[in-house]
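The chain contents come next:
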Amino acid sequence: MANSNSALVTKLLLIVVGMFGFGFALVPLYDVFCDITGINGKTNETAAVYYDGQVDESRTVTVEFITRTHTGMPWEFRAQTKKVKVHPGEMNMVEFYVRNPANKSMVAQAIPSVTPGQAALYLNKTECFCFNSQPLAAGGESLMPMRFYVDPQLPEDIHFFTVQYTLFDVTGNGTDDKPLNNPFLTSFSDN
Amino acid sequence: MSKATEIISPAHGEAHAHDDHHEHHIPKGLMRWVLTTNHKDIGTLYLWFAFIMFLVGGAMAMVIRAELFQPGLQIVEPNFFNQMTTVHGLIMVFGAVMPAFTGLANWLVPMMIGAPDMALPRMNNWSFWILPFAFTILLASLFVEGGGPAFGWTFYAPLSTTYSGDSTALFVFSVHIMGISSIMGAINVIVTIFNMRAPGMTWMKMPLFVWTWLITAFLLIAVMPVLAGAVTMVLTDKFFGTSFFDAAGGGDPVMFQHIFWFFGHPEVYIMILPAFGIISQIIPTFSRKRLFGYASMVYATTSIALLSFIVWAHHMFTTGMPVAAEMFFMFATMLISVPTGVKVFNWVATMWRGSMTFEVPMLFALAFIVLFTIGGLSGLMLAITPVDFQYHDTYFVVAHFHYVLVTGAVFSIMAAVYYWIPKWTGRMFDITLAKWHFWCSLISVNVLFFPMHFVGLAGMPRRIPDYALQFADFNKWISLGGFAFGLSQLIFLAVMIKACRKQGEPVSDQVWEGAEGLEWEIPSPAPYHTFETPPVVK
Amino acid sequence: MKQLGICVLKAWIALVLLVAGATAVAAGSGEVSALNLRRGATEISGQVYDLHMLMFSICVGIAVVVFGIMFVSMYLHRKSRGAKPANFHESVKVEIAWTVLPFLILIFMAVPAAKTLLAMEDTTEPDMTVLVTGSQWKWHYKYMDRDVEFYSLLATQREQIDNRYAKGENYLLEVDRPLVIPTGQKVRFLITSDDVIHSWWVPDFAVKKDANPGFINEAWTRVDEPGIYRGQCAELCGKDHGFMPVVVIAKEPAAYEAWASEQESIRQQAREEEQRLLAMNMSMEELMTEGERVYNATCAACHMPNGEGLPGVFPALKGSPMALNDMQGHIDIVLNGKTGTAMQAFGKMLSLKELAAVITYERNAWGNNTGDMVQAKDVNAVASGE
C-alpha cells in the first residue's frame, strides 16, 4: 500500500508541476491565440515579406493612424498622415514625426494596437519603427517610416480600421531592453 | 449508496475496546493539536480555522456594509475600503469556504469509505498548519505602510503590479502558501480515495460526497498551480523587471485575466461541487428515500468539472474579444446549466413521494436548493454576452456570486456541520438555538443579497465606496440585512461551542432515522480511531 | 390529500403572480427604474433590454415550476402527514428528458442572444470618432475629426462627499465637462487607458468596454433622443474608482455643430492667450492663490490637501527633496508624469499658467519655503525643450 501511495503521489505531483508549467506556457500560447484570433489587435512583431500578388483595385480600405504617448513620456509624437485610403495588396508608406524635448537622450518603444482586432491579422508591416526601440538625443527629432500592405483576404465587412501607436519611455532604470526581456514572447516570435 | 448494500463491520463492543486502548496515547493540551496526524483532529482544526476566518472576513464585510449604509464617505477612506473588499474576498474564498470543505473531507472521507485515516497523515498535518501562517501574513499586510492589497481578490494587472503597494509581496507569498496547502490537501484526498477504500467499496458505491470531493481534488491540483504561476508573474513583473502584463515590454494586461480566470472558473466549482455532495447526502436521509439518479449525479458532476475549463472568458466579455470567441464562451457557459439542472431535478425527484421531516440539516439543505438555484439562474442570465455588457461589474454580479457562495457553499457547510456533528460529539446540538440560527440567517441573507440584484440592474458598479442617490434606499436595506446576517452567525458560534462542550442529549449510532452509510455504523461519538479493521461492503 | 396539494399549488401561483405583477408595475413606472435594467436611448440598448426581459422571464418560469413541484412535495410527502416513502430511485427516460428539455430551452435563448450580439458588431464606417482615454481617475475625450479635446472630471464637491454639504441630485454622476455627441449619427468610441484598466460604461447606450493600457478597444452608439446620459467607470482602478463618472450629452446635429465650433475657437483663443502669457510674469501672491486652487482640484486627491500624501501609496510633497531643490525635475514630473506610478502627465490637462502656479504653490506651501517662483515661460521651456 505504501508503494502504491508513493506511486500515485508522484503522478499527482507531476500533474501539479506540469500545471505550474502550463500556467507559464499560457504566455506563448496566448500570443499564438492572439495571432490566430486578433485579440487586442496585436500586429506582427518582426518584418513581414511583401506579398507579391494581385492588388485588389476594386476595394478601398481606410486606415486611420492614432498616436499617443504614455505617462512619463515627454516626446512629441504624431502621424504625418492621419488617414490613408489603400487598395488591398498594394504597398504603402506612412511617416511618423517624433521629437525629444527633454534635456537628456531617451529611448522609446512604440506599441501598436489595431481595432477591430481581426484587421490586425491582415495588416502586414514590412518595415516599422515599432520593431525596435528608438533612441533620440536631447532635442533631437526624426521622421520614422512604416511600410505596410493590407492582405487582400481582409474580410469583406471591414472597410476601415484604426492603428494606434503608444510610445513608452524605456530609457534606463533597467527597462531599455524590456522588449527582449520576456523570454517567452521573443522565443516565439523568432520561430 | 444502495439500500441493498449490506455492511459488515466489527461488532461495536470490540471496536470500543480497541479504541480505548488507543485513547491513552493521545497527547494532551496544545501539542495534541500541533502534532496530530489523526484525520478527525485535523478535520476539527480545519473547521474551526474556517469558522474563525469566516468571522474575520465577515467583520470586513460589516465594515464594507457600514460604509455603504448611506451615500457619502463616513467611516473609512476609499483606499482602506478597497483593502476591505479585497481581503474579504480572499479570506472567504481561501480561508473560509475551501478549508471548511477540506475539514469536512478530513472528517468524513475516511469514515465514508471505511478507511482508518487519510493516506498521508503527516502531510495532512502540514497542509493544515501552514494555513494559519498564510493568513497571518495576509492580515499583517493590512498594517504595513501603504496598507494591504487593494486591487480586488482578482488582482488584475497592472493595478496589482506597477500600481500596487509594496505589500503585494506579502500577498503573493500568502497566496503561494494557501495554494501549497490546498494542493497537499487535494493529493491526500485523491490518494485516500484511490488506495484506501474498504473491500467492496466500488467506485459506483461511493457516497456522493466522496465522489464530488474526488472530482474537486482533481480540479484543485489542475488549477491551483496555475494560480501560483499567475501570482509569480505578478511578483516578477512588480519587483524583477519582467513584463508579462506590461504593454511597454511586449506583454499584455488582458493576458493576466485569461490566466487568472483559467484558474478562477474551475475555482468556482471547487467551492460548489463538495456542496452538491453534501446536499446529495442530506436530502435522501430526511426524505427517507434513496437518492434519485445516483449515476447521473456522478456524470453530471464530472461534466460540470470538465466544462469548467472551457468557459473562463465569460468573466471577460468587456475586454474586447472577437465576436466568434464571445459566441463560443457564451454557448459553452450556457451548456453548464444542463448538468447543474439535472442535479436540482434529481434532488427534487428524491423528495417526491418521500417521507420528509425537517430537521435543521434538512432546513439548510432545502434553503440551499432554492437559493442556489436562484444564483444559478442569474448565472445563466450573466452568460448571455449582450446583456452581460450591462450586468458586468455591477451589483447584479455581486448578488449572483453571493447567492451561489453564501446561500450555496456556506449554507451547505452549515447543513453538513449540523448533519454530522452529533456523530462527531455523540450529542445532539441545541436544536432550538440551531433553528433560530437557520431562520435568522435565511431571512437576513435574502434581505442582504436579494436587493443587490435591483441596484445592480439599476446601474450600481461593484467595488465602490460611495454611490449615487438613487441607490440609497436599497443599500440601507442591504446593510441592515448584512448586519443581521452577521449577528445571526454568533448564534451559530454559540451552538458550536455548546456542541463541542458535549452539552446535549446523547445520540444513537445512526443519529438520524433515515441516515445510511458507513459513518452511521460506527459508534457515536466516533472513536478516535475507526475502521482499523476494514469493514466489508457487499 | 390531492386536494390540499392543489391548494398549495394555487397559493404558490397566486403568490408568484402577485410578485410578478408588483415587479412589472414597479419596472413600468418611471423612465429609469430603481429595480430593473433601463431600456436606454439607442436601438441596441432596447434590444438588450428585451433580451434581458426574455431571459429573466424564462428563468422565473423555470424557478416557478421547479420550486412549485418542490413545495408541493414538501407539503404532501411529509412524514407527519403519514407519507410512506416510495421505492423508485432511477429512470433513464426521466434523466434523458430533463437533459434534453433544458437543452432545447437553451437553444431558444441562444438564438436571440446571438442575433443581438451580431447587431452590436457593426463595422460600417462611423460618422465620427471619439478617442476615450481613462486615467486615474478621470476620462479624456479627443474628437478625432476636429480640434477638440478635454478632460472630464467629477464635479461633485468634496464637501458633499464628506457629508458637510447636502448632496445634489446628480451626486457622483456629474462632471465638469461632459462628452457631447450628435443624435442620429453613428459615433465610434476608441477606448484606451494611460495607466490601469478602466471600463467606460454608459448604461443608456448598453456600451461597456474596458480601457486597456497600451491597447485599443472600440464601441459605437447611435443615440436617437437628445438628452443627458450618465454612467460610471466599471472596472476597479484604484482608490477613486467610485469617483470617475461618465456624462454624455446628445444634441441635435445642428446644436452639436455649433458647440463643436465654439469649442474649437475657445481652444484657439486659449492658445493665443497662452502665447501672450509667456511674456508676462505673475506675482507671488497671484501664483500662490491660483496654485492653491489648482492643487486642491487636481493634486490633493493623492498628495492630500496638507501635502503629506498617503505613506506607502502616494509620496509627500511637504519636505520632499524634489519640491525643495530640483526645480527642473519638478516641472518635468508635473508636465510628463512618472511612468509606472499614478503620477500623470498634467501637461495635457492644465494650462501653462496653471502649471506654473501649482508648481510654485508646491514649492512654497506647508513650510516648503523655497521662495521659488515658476512662471509660464519656465514651464514652456521644459515642455518644448527650448
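In this text the structure is predicted, and so the values were computed from the model without any measurement.

1. Notes on the overall build of chain A
Across its full length, chain A holds 3 helices and 9 strands. In sequence order, chain A lays out its α and β elements as α-β-β-β-β-β-α-β-β-β-β-α. By the burial criterion, 41% of the 191 residues in chain A qualify as buried. The contacts of chain A with a sequence gap of at least 6 include a subset with a gap of at least 24, amounting to 77%.

2. Some thoughts on the environment of Lys28(B)
Within the secondary structure layout, Lys28(B) lies in the loop between α1 (12-23) and α2 (30-35). For Lys28(B) and Trp439(B), which are 411 residues apart along the polypeptide, the C-alpha to C-alpha distance reads 38 Å.

3. A few points about the nonpolar core
Among the nonpolar cores identified, the biggest contains 332 residues, and Val97(B), Phe364(B) and Ala415(B) are the most heavily contacted of them. What Ala415(B) contacts, discounting residues up to four positions off in sequence, is Ile278(B), Ile282(B), Pro361(B), Phe364(B), Ala365(B) and Phe368(B).

4. So, the confidence of the model for chain A
Averaged over every residue, the pLDDT of chain A is 80; residues scoring 70 or more account for 85%. For residues 173-191 of chain A, every residue scores under 50 in pLDDT, and the model assigns this stretch 34 contacts once sequence neighbours within four places are set aside.

5. Focus on the sheet that holds strand β8 (residues 217-221) of chain C
Residue and element names in this part refer to chain C. Spatially, β3-β2-β1-β5-β8 is the arrangement adopted by the 5 strands of the open sheet, whose pairing is mixed. Since the sheet does not close on itself, it has two edges, and those belong to β3 (148-152) and β8, each with one partner. Recorded for the sheet is a direction-independent mean angle of 20° between the axes of neighbouring strands. Alignment of strand β1 (residues 128-135) against strand β5 (residues 187-193), held across 7 bridges, turns out to be parallel. If you follow Val 130 over to β5, its bridge partner there is Phe 189.

6. Structural notes on the interface of chain B and chain C
Listed per partner, the contact involves 83 residues of chain B and 80 residues of chain C. Secondary-structure elements contributing two or more residues to the side of chain B that touches chain C are α4 (78-113), α9 (253-270), α11 (294-307), α12 (323-351), α13 (360-383), α14 (385-391) and α16 (431-458) of chain B. The greatest single-element share of the side of chain B that touches chain C, amounting to 14 residues, is contributed by α12(B). Grouping the constituent residues of the side of chain B that touches chain C by class yields 47 nonpolar, 26 polar and 10 charged.

7. Thoughts on unusual backbone geometry
Pro116(A) follows Thr115(A) through a cis peptide bond whose omega is -5°. Considering the arrangement of structural elements, one finds Pro116(A) in the loop between β5 (106-115) and α2 (117-120). A cis amide bond links Ala157(B) to the next residue, Pro158(B), at an omega of 0°. By secondary structure assignment, the location of Pro158(B) is in the loop between α6 (131-140) and α7 (168-195). Although it is not a glycine, Ala206(C) sits at a positive phi angle of roughly 55°. For Ala206(C), the location among the structural elements is in the loop between β6 (198-202) and β7 (207-211). Judged by local crowding, Ala206(C) falls into the buried class, with 30 C-beta atoms found within 10 Å. A positive phi angle, near 70°, is found at Met304(C), a position not held by glycine.

8. A word on the pairing of strand β1 (residues 61-69) of chain A
Examined bridge by bridge, β1(A) and strand β3 (residues 83-86) of chain A share 4 bridges and lie antiparallel to one another. Paired with Val63(A) across the strands is Val84(A), a residue of β3(A).

9. As for α12(B)
Residues and elements named next belong to chain B. Its 29 residues give α12 an end-to-end C-alpha distance of 43 Å, which sits within 8% of 42 Å, the value for a rise of 1.5 Å per residue. Taken across its 29 residues, α12 has 22 buried, putting it largely inside the fold. After α12 finishes, the residue Arg 353 shows a positive phi value of roughly 60°.

10. Thoughts on the sheet that holds strand β6 (residues 123-128) of chain A
Residue and element names in this part refer to chain A. Taken together, 4 strands build an open sheet; the order of strands is β2-β4-β8-β6 and the sheet is antiparallel. Looking at strand neighbours, the two that pair on one side only are β2 (76-79) and β6, the edges of this open sheet. Shown here is a sheet whose adjacent strand axes are inclined to one another by a mean of 25°, direction ignored. Alignment of β6 against strand β8 (residues 141-150), held across 5 bridges, turns out to be antiparallel. Note that in β8 the partner of Asn 124 across the bridge is Tyr 149.

11. So, helix α5 (residues 253-278) of chain C
Under the 1.5 Å per step criterion, the end-to-end length of α5(C) is 38 Å for 26 residues, consistent within 8% with the ideal 38 Å. In terms of burial, α5(C) is a largely surface element, 1 of the 26 residues being buried.

12. What about the environment of Gly307(C)?
All names here are of chain C. Counting through the fold element by element, Gly 307 comes out in the loop between α6 (284-303) and α7 (321-324). Exposure remark for Gly 307: the 21 C-beta atoms within 10 Å place this residue in the buried category. The residues contacting Gly 307, other than those within four sequence positions of it, are Ala 316, Leu 317, Lys 318, Ala 365 and Trp 366.

13. Quick word on the packing of α4(B) against α7(B)
A pair of packed helices is captured by two measures, namely the crossing angle of their axes and the spacing between those axes. All names here are of chain B. Where α4 meets α7, the closest approach of the two axes is 11 Å, and the angle between their N-to-C directions is 20°. It follows from the interaxial angle that α4 and α7 lie roughly parallel. The handedness of the crossing between α4 and α7 is left-handed. In this structure, α4 uses Phe 94, Met 98, Thr 102, Ala 105, Val 109, Pro 110 and Ile 113 to contact α7, whose residues at the interface are Met 178, Ser 182, Gly 185, Val 189, Thr 192 and Ile 193. Residue classes in the contact of α4 with α7 are distributed as 9 nonpolar, 4 polar and no charged.

Scoring rules and cut-offs
Residues numbered from 1 in each chain as written. Chains lettered and ligands numbered in written order. Predicted model: local features only at pLDDT ≥ 70, side-chain atom pairs only at ≥ 80, totals over all residues. Helix = DSSP H or I, 4+ residues; strand = E, 2+ residues; numbered from the N terminus. Buried ≥ 20, exposed ≤ 12 C-beta atoms within 10 Å, placed from the backbone. Contact = placed C-beta atoms within 7 Å. Core = buried A, V, L, I, M, F, W, Y, C linked by C-beta atoms within 7 Å. pLDDT = per-residue confidence, 0-100. Pairing = 2+ DSSP bridges. Axes fitted to C-alpha atoms, helices over the stretch in contact; angles between N-to-C directions. Nonpolar A, V, L, I, M, F, W, Y, C, P; charged D, E, K, R; others polar. Expected span 1.5 Å × (residues − 1). Parallel < 35°, antiparallel > 145°, perpendicular 65-115°, else oblique. Left-handed = near helix turned anticlockwise from the far one by under 90°.

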